[in-house]
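For reference, the chains in residue letters:
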Amino acid sequence: MRAKIYKVQFIEAVQDIYDAMEAESFFHLILEEKHKMKRIDLALNPDFVFSEKEIQEWNLILEELKKEIPIQYILGTTEFFGLKFKVNENVLIPRPETEELVEWIIQDLKIQGFKDLKILDIGTGSGCIAISLAKNISNSKVYAIDVSPEALKIAKENAEMNQVEVVFLEKNILETNDLEMHFDIIVSNPPYVRNLEKQEIKKNVLDNEPHLALFVEDDDALIFYRKIAELATKNLNEDGRLYFEINQYLGEEMIELLHNKGFQDIELRKDIYENDRMTKAVLKNNH
Ligand SMILES: C[S@@+](CC[C@H](N)C(=O)[O-])C[C@H]1O[C@@H](n2cnc3c(N)ncnc32)[C@H](O)[C@@H]1O
């Protein structure tokens, strides 16, 4: 069957769940992943044909899409900060907001100058933050922690695929009292969604993405931030920076927390959707 004809059928088959634009973007993501063909390649080869076997494979993907499994898990890959990452159900699918956090760190370092930095990413998941930083900050030594051995397995594969060195450590950060090393930058996108916010979360996220990566108790939503900020006061070098991705509803509480822990030059930033989404804080006079 000609790919162009199949494309029309594909979009129709999922029209109850996805609008035509989204379905078309899925079609092209699959085409690129499975056939190494970009949108322009299909336009230039309008008679390109899928074999019977290929149609069967496409139909299997279609069935998974109908079950609302995220396309990234179906294909097993996604893109983050211009790099390719493997993903599976043990890791959160990297989000565009997190790219903005990485961008912030890199821009700050461009101003300040890169120099043999030690960087730690806490709750690394797919490794997206750690690996993007290692790729873009020359002479840095990057460490990354996660409690999930399954997530760390994927993160290690991603570091290898992107040809960077990251030291991965399996640790429960809530049970860690000292990081036993000093860092210039600590960054974290920890779990921050409260149970009371569950109704705002899309069904395909709730049903497929790891709850370990997403949720915290309503009565202690900042548990990870408090612990990480405490560790940072011990394990950041002088003028070291702590960057967080945060719950959009807890910006003010985050500023207060960082202030109370003795951080300075605290900044709260919005993401492209105009939600309070990230903080930066500096630890001065730390001896
Ligand atoms: C919101 S996800 C962030 C993943 C990735 N850094 C990203 O930005 O896409 C939070 C991560 O924290 C990890 N995590 C949850 N509890 C943890 C704990 N107690 N200690 C260390 N990591 C933990 C989860 O396994 C998950 O990978």
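Below you will find a few notes about this structure. (Residues numbered from 1 in each chain as written. Predicted model: local features only at pLDDT ≥ 70, side-chain atom pairs only at ≥ 80, totals over all residues. Heavy atoms only, no water.)

**Overview of helix 2 (residues 20–35)**
- For helix 2, which comprises 16 residues, the first-to-last C-alpha distance of 21 Å matches the rise-based estimate of 22 Å (1.5 Å per residue) to within 8%.
- Of the residues making up helix 2, those classed as buried are Ala23, Phe26, Phe27, His28, Ile30, Leu31 and His35.
- If you follow the buried residues of helix 2, they end up packed against helix 1 (3–13), helix 3 (39–44), helix 4 (52–66) and helix 5 (71–75).
- The backbone nitrogen of methionine 21 lies 3.1 Å from a side-chain oxygen of the residue at the head of helix 2, namely aspartate 19. (Helix = DSSP H or I, 4+ residues; strand = E, 2+ residues; numbered from the N terminus. Expected span 1.5 Å × (residues − 1). Buried < 20%, exposed > 50% of the residue type's maximum accessible area, 1.4 Å probe, protein only. Contact = heavy atoms within 4.5 Å. Polar contact = N/O pair within 3.5 Å; in protein donor to acceptor, adjacent residues only side chain to side chain.)

**Let's talk about the pairing of strand 10 (residues 264–270)**
- Strand direction decides the pairing type here: strand 10 and strand 11 (residues 276–283), joined by 5 bridges, are antiparallel. Each bridged residue has a counterpart across the sheet, and for glutamine 264 the counterpart in strand 11 is valine 282.
- Connecting strand 10 to the antiparallel partner strand 11 that follows it, the hairpin turn spans 5 residues, and glutamate 274 within it adopts a positive phi of roughly 70°. (Pairing = 2+ DSSP bridges.)

**Details of the nonpolar core**
- Among the nonpolar cores identified, the biggest contains 33 residues, and Ile186, Leu242 and Phe263 are the most heavily contacted of them.
- Considering each element in turn, this core owes the most residues, 6 residues, to helix 11 (residues 223–235).
- Beyond its immediate stretch of four places on either side in the chain, isoleucine 186 contacts Leu120, Ile122, Leu179, Ile228, Ala232, Asn235, Leu236, Arg241, Leu242 and Tyr243.
- Counting residues in hydrophobic clusters, the runner-up holds 30 residues, among them Leu117, Val164, Val187 and Tyr243. (Core = buried A, V, L, I, M, F, W, Y, C linked by side-chain atoms within 4.5 Å.)

**Focus: the pairing of strand 5 (residues 166–170)**
- Where strand 4 (residues 141–146) meets strand 5, 5 bridges bridge the pair, whose relative direction is parallel. Bridge pairing in strand 5 links aspartate 146 to glutamate 170.
- For the handedness criterion, the β-α-β arrangement of strand 4, helix 8 (residues 149–161) and strand 5 is classed as right-handed. (Right-handed = clockwise from strand over helix to strand, strands pointing away.)

**Some remarks on the site of the ligand**
- Taken together, 21 residues lie near the ligand, and Gly123, Asp146, Asn172, Ile173 and Asn189 sit nearest.
- A distance of 2.7 Å separates an oxygen atom of the ligand from a polar side-chain atom of aspartate 146.
- Measuring from an oxygen atom of the ligand, one finds a side-chain N or O atom of asparagine 189 at 2.9 Å.
- The protein chains hide 96% of the 600 Å² of surface that the ligand would expose on its own.
- Listing elements by their share of the shell around the ligand, those giving two or more residues are helix 7 (128–136) and helix 10 (211–214).
- Taken together, the residues of the shell around the ligand break down into 12 nonpolar, 7 polar and 2 charged. (Near = heavy atom within 4 Å. Areas by Shrake-Rupley, 256 points an atom, 1.4 Å probe, with all protein chains shown as cover. Nonpolar A, V, L, I, M, F, W, Y, C, P; charged D, E, K, R; others polar.)

**Topic: the sheet that holds strand 6 (residues 183–188)**
- Pairing within the open sheet is mixed, and its 7 strands lie in the order 5-4-3-6-9-11-10. Only two strands of the sheet have a single neighbouring strand rather than two, namely strand 5 and strand 10. With direction set aside, neighbouring strand axes in the sheet form an average angle of 15°.
- Here strand 3 (residues 118–122) runs beside strand 6; their pairing, made up of 4 bridges, is parallel. When the bridges of strand 6 are listed, isoleucine 122 appears paired with serine 188.
- The strands that helix 11 touches are strand 3, strand 6, strand 9 (236–245) and strand 11; relative to strand 9, the one it contacts most, it runs at about 165°. (Axes fitted to C-alpha atoms, helices over the stretch in contact; angles between N-to-C directions.)

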